[in-house]
Amino acid sequence: MEVEEAQVATEPPKIHRLDESVVNRIAAGEVIQRPVSAVKELVENSLDAHSSSINVVIKDGGLKLIQVSDDGHGIRYEDLTILCERHTTSKLSSFEDLQSIKSMGFRGEALASMTYVAHVTVTTITKGQLHGYRVSYRDGVMENEPKACAAVKGTQIMIENLFYNMSARRKNLQNSADDYSKIVDLLSRFTIHHISVSFSCRKHGAGRADVSSVATVSRIDAIRSVYGVSVARSLMKIEASDKDPSSSIFQMDGFISNSEYVAKKITMVLFINDRLVDCTALKRALEIVYAATLPKASKPFIYMSIVLPPEHVDVNVHPTKREVSLLNQEIIIEKIQSVVESRLRSSNKTQIFQEQTVEPSSSCQMISSKDSNRNPSPSGSKSQKVPVNKMVRTDSLDPAGRLHIYLQGQSHGHLVKNTSLTAVRSSVRQRRNPKETADLTSIHELIAEIDSNCHSRMLDIVRHCTYIGMADDVFALLQHDTHLYLANVVSLSKELMYQQVLRRFAHFNAIQLSNPAPLKGLIVLALKEGDTDPESTENDELNEKIAEMNTELLKQKADLIEEYFSIHIDKDGNLSRLPVVLDQYTPDMDRVPEFALCLANDVDWEEEKKCFQVISAALGNFYAMHPPMLPNPSGDGLQFYQKRKSFRNNEESLSCSTDGDDMMTEDEIEHELVAEAETAWAQREWSIQHVLFPSMRLFFKPPNSMATNGTFVRVASLEKLYRIFERC
């Protein structure tokens, strides 16, 4: 008996044919994976019907209701009987037609699959008909004959009770909010590509649509209406193409984000031959480019439309048509990656301030009043009395009237060190630029550009202004004649340092670092700071590779940057020396990682002039008087240093057993942070007043752009104030 039972157990199971309803339900589960899959199929059908308006209504994330209405050409009455049968389609008639297919649908499976997992109702009318027809479907067949009904142009398809007969799938999709957000994202992607079609998407019963667009001729306008002004403002147009039959034939156009766009995750909208698809290889290639070129904006927004010959695209490789296969895919991706990298490297732009501009007419009046006030009257002529509304209360050589005189502040005697203020001022005034520079045409051209681009009225303000004090962390208050200005200290110092680097080219003194810093570690640190989640280890391997490549590049260029810029990098890749750009001033060493990354990523080493210009700009940004990393404790930043809650009881019991000499309480830590922050901020303000502005009076030549980009903002005029008081 035991032998017989063993023989029965080892016999192979019998193969039998599945019931057709089971087969169809299994197939439906592959095609319609979740509500967003159904919406995608229906919207693509509407687009194939040449619709100009598509409206979507969703209830409970699509599980209870999906309604898609369009104004396309409709469905013929004769076709309604086989509309929802499997593999019935108007898109192709033979397998060879797939080689030139241009429509998004072609299998004839989507509607059939929906009827096996939901209740489907179709209402349609074609051009020239007096009325439309409504019919319901289940399991691929009509439940009744089509009924005449009132209808508007096009087709409306309702999918109700999705996955009603698949309990496990339905339970897993109960989070309707998540599914609705996926549907909104899908419609947003269609909206920015098919700009000649108007889309809307709303929840059932809601008065306002979550996606609402109208047909437009501008793609950037479509992106602005869907993703917002801030996204559209950060985008750059990009184009690429290849017409070589031996390698690849394609045309790509789209928009990619610049360094000002910062997000927690990448947004990539990709259409290939007007078909919304995913391409993991292309997405990964572009992520690598952004991580290496713009680490702080490494999660970009990307919209691309790629057009290839239909015979070069295999659309039949995925059940939901989410992916396609391309001929010469690696070559196409490599060329697109190269174009994106080139565009990013050439697009580094500094942010500008747009609050207010200096009025030219006022500047002209300012110069005339300046001339009348400064030029003494000729001997023998009567001295003219200056009107009270044009009297200048301070001059640039007199410290009286500065803001700190009137403020009750703490004494920062430790900042004065051993050098008296008078000695420092004298040293600054006696400084002169080296008359000899390296005999390089490119440097002479860059300096000539600075001289020719100098704004005369801004130069007069800089040379004869009175420093009053810091208005906030970035802007300083200046008085010039009868006008009060806000001046952007960061922008001014950045431009001054850039000009000083060019004028001291190859004639720098050096700052020796007490401990040489490894470039690889600095670059990894800068890349890590650029991540939206610094604690994440997801990109560590990628960051290490980028850092290694950049370190090797800088080691190869070490002789050049040491000879011309006094930046010493040893054979082991350690940074040990930096240039002195401005006497009596040491840059913020917390910004060394950012400088190292910029030096490795942004410099074009092939073109001499551009190379020196970018290195000088990088040094200018590094040496600029940015606000310290620690928040300013004198303002709202004090909240950062507030004491935290006491340790929990179990932690207190553990701390009792620890040697008190080796422990530092939280109270002491907060006081030390406050003291460190106060020192850093006070040192910066001291440097701004006693180093930056005296140096600017001697060396600085403000470019024309500073008259219009918000670096100088006039906030008050004595003449206008008197007019206001006279009215009162």
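A short tour of the structure in this document, coming up. (Residues numbered from 1 in each chain as written. Predicted model: local features only at pLDDT ≥ 70, side-chain atom pairs only at ≥ 80, totals over all residues. Heavy atoms only, no water.)

1. Looking at the sheet that holds strand β13 (residues 275–277)
No. 1: Taken together, the 5 strands give an open sheet; going across it, the order is β10-β11-β14-β12-β13, and neighbouring strands pair in mixed fashion. With one partner strand each, in any of the chains shown, β10 (235–244) and β13 form the two edges of the open sheet. Each strand axis lies, on average, 20° off the axis of its neighbour in the sheet, ignoring direction.
No. 2: By the bridge criterion, 6 bridges tie strand β12 (residues 267–272) to strand β14 (residues 301–307) in an arrangement that is parallel. If you follow Val269 over to β14, its bridge partner there is Tyr303.
No. 3: The strands that helix α9 (residues 280–293) touches are β11 (248–257), β12 and β14; relative to β14, the one it contacts most, it runs at about 135°. (Pairing = 2+ DSSP bridges. Helix = DSSP H or I, 4+ residues; strand = E, 2+ residues; numbered from the N terminus. Axes fitted to C-alpha atoms, helices over the stretch in contact; angles between N-to-C directions. Contact = heavy atoms within 4.5 Å.)

2. Side note on the packing of aromatic side chains
No. 1: The full count for this structure, using the stated rule, is 13 aromatic pairs.
No. 2: Residues Phe505 and Tyr564 carry aromatic rings whose centres are separated by 4.9 Å and whose planes lie at 20° to one another, so their mutual orientation is stacked. Of this pair, Phe505 sits in the loop between α15 (489–503) and β20 (510–518) while Tyr564 is found in helix α18 (residues 558–565), placing the two residues 59 residues apart along the sequence.
No. 3: Feature note: the residues Phe505, Tyr564, Phe565 and Phe612 constitute an aromatic cluster, connected by ring pairs. (Phe/Tyr/Trp six-rings, centres within 6.5 Å; stacked < 30°, edge-to-face > 60°.)

3. Some points on the sheet that holds strand β21 (residues 568–569)
For sheets, the rule is that strands pair by backbone hydrogen bonds, running either parallel or antiparallel.
No. 1: Ordered by their spatial adjacency, 3 strands build an open sheet running β20-β22-β21, and the pairing between neighbours is antiparallel. The sheet is open, and its two borders are formed by β20 and β21, each paired with just one other strand.
No. 2: Here 2 bridges tie β21 to strand β22 (residues 574–579), and the two strands are oriented antiparallel to one another. The residue of β22 that forms the bridge with Ile569 is Leu575.

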